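Below are the chains, spelled out letter by letter.
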Protein chains: 2
Amino acid sequence: MRTEEGGPPAAAVTVRDLEEADLDNGFLEALEALAPVGLTAAQARAVYRARPPDLHTYVAVCRGRVVGTASLLVEPKFIHAGGRVGHVEDVAVSRQAQARGAGTALVRHAVEQARRYGCYKVILESSDALAGFYERLGFRRHSLSLRLDLK
Amino acid sequence: MRTEEGGPPAAAVTVRDLEEADLDNGFLEALEALAPVGLTAAQARAVYRARPPDLHTYVAVCRGRVVGTASLLVEPKFIHAGGRVGHVEDVAVSRQAQARGAGTALVRHAVEQARRYGCYKVILESSDALAGFYERLGFRRHSLSLRLDLK
């Protein structure tokens, strides 16, 4: 457990797989730090249950409550001898928990899991402002991310 | 069918889903224009059969032979009211068929399919040199793509 000089001991952050009960325990609120969610609890459960097996979502837990999340989508390719690529998606930490190391712990965990799944690389999209955060975790600027809005 | 001024009629390019027989009919050679494949036909069949249901691969066919390919990975999210994102991956056209419109036909097809799957956006990674090609198809530069090599 880290302590901050002169303050109380900081609460430990642990990272584990998303569980259905997390949907009512801070998960959706943490995601709101990234983008609007707009799901009822019942709708969120339907999304949870319909997720494909190659999409893994992790949560950061602090004092028994979810304070952040990140997902890893594992894509099998034909190139690179049937290699796999890990896509890190939807990294979000609730505003109250930012600067407690939850984001770092989540991305490190997703990278470890990508390695375990045999991925030859991990890629993610980042704004210019956040790129430094990922560079400190070993990522490097590689190419452009382009988008086309359909809705 | 398009004709080029003064030349013979250009062969038509059609786009459809990848089929197992394509693995022996130009598909792996087309992918080599993007990156080394390094799979035997038997290994490629194993990759083909193990692919997850949310990963769709399309081929461009010219005169009965595969000359290009593109894939669409459909990712369900919690954000945006359980919205879906289409990731366009591994766009490749064999060197002999480049400049025949196969790349454009493949990306347009992937975008149409993403729309059909209900995606609210389509994203892809691009080098600076290729960004203009995607911009002509309606994509815009949005953010950075970062990578971490694991092998």
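Heads up: the structure comes first, above all this text.
Right, let's walk through the structure included here. (Residues numbered from 1 in each chain as written. Chains lettered and ligands numbered in written order. Predicted model: local features only at pLDDT ≥ 70, side-chain atom pairs only at ≥ 80, totals over all residues.)

Let us look at the interface of chain B and chain A. At the interface, 58 residues of chain B touch 58 residues of chain A. Broken down by element, the side of chain B that touches chain A gets its largest block of residues, 10 residues, from strand β6 (residues 140-149) of chain B. Here the residues of the side of chain B that touches chain A sort into 32 nonpolar, 11 polar and 15 charged. (Contact = placed C-beta atoms within 7 Å. Helix = DSSP H or I, 4+ residues; strand = E, 2+ residues; numbered from the N terminus. Nonpolar A, V, L, I, M, F, W, Y, C, P; charged D, E, K, R; others polar.)

Here we take up the environment of B:Y134. Counting through the fold element by element, B:Y134 comes out in helix α5 (residues 128-136). Note on B:Y134: 22 C-beta atoms within 10 Å, which makes it buried. For B:Y134 and B:G103, which are 31 residues apart along the polypeptide, the C-alpha to C-alpha distance reads 9.9 Å. Excluding its chain neighbours within four sequence positions, the residues that come into contact with B:Y134 are A:L146, B:L124, B:S126 and B:F139. (Buried ≥ 20, exposed ≤ 12 C-beta atoms within 10 Å, placed from the backbone.)

With that settled, the discussion passes to the nonpolar core. When a protein is soluble and globular, its nonpolar side chains tend to lie buried together. Membership of the largest hydrophobic core comes to 88 residues, with the highest contact counts inside it found for A:A60 and B:A60. Leave out the neighbours within four places in its chain, and B:A60 touches B:V13, B:V15, B:V67, B:G68, B:V93, B:A102, B:A105 and B:L106. (Core = buried A, V, L, I, M, F, W, Y, C linked by C-beta atoms within 7 Å.)

This part takes up the pairing of strand β2 (residues 55-62) of chain B. Residues and elements named next belong to chain B. β2 sits mainly inside the fold: six of its eight residues count as buried. Looking at chain direction, strand β1 (residues 13-17) and β2 are connected through five bridges and run antiparallel. Looking at β2, one finds that D17 is bridged to Y58. Bridge analysis of β2 against strand β3 (residues 65-76) gives eight bridges, and the strand direction is antiparallel. When the sheet's bridge partners are listed, L55 is paired in β3 with L73. Linking β2 back to β3 in an antiparallel pair, the connection comprises two residues, with R63 at a positive phi of about 50°. (Pairing = 2+ DSSP bridges.)

Attention shifts here to the environment of B:D24. Within the secondary structure, B:D24 is located in the loop between β1 and α1 (27-31). For B:D24, a count of 12 C-beta atoms within 10 Å translates into the label exposed.

Take it as geometry only, folks, not as evidence of what the structure does.
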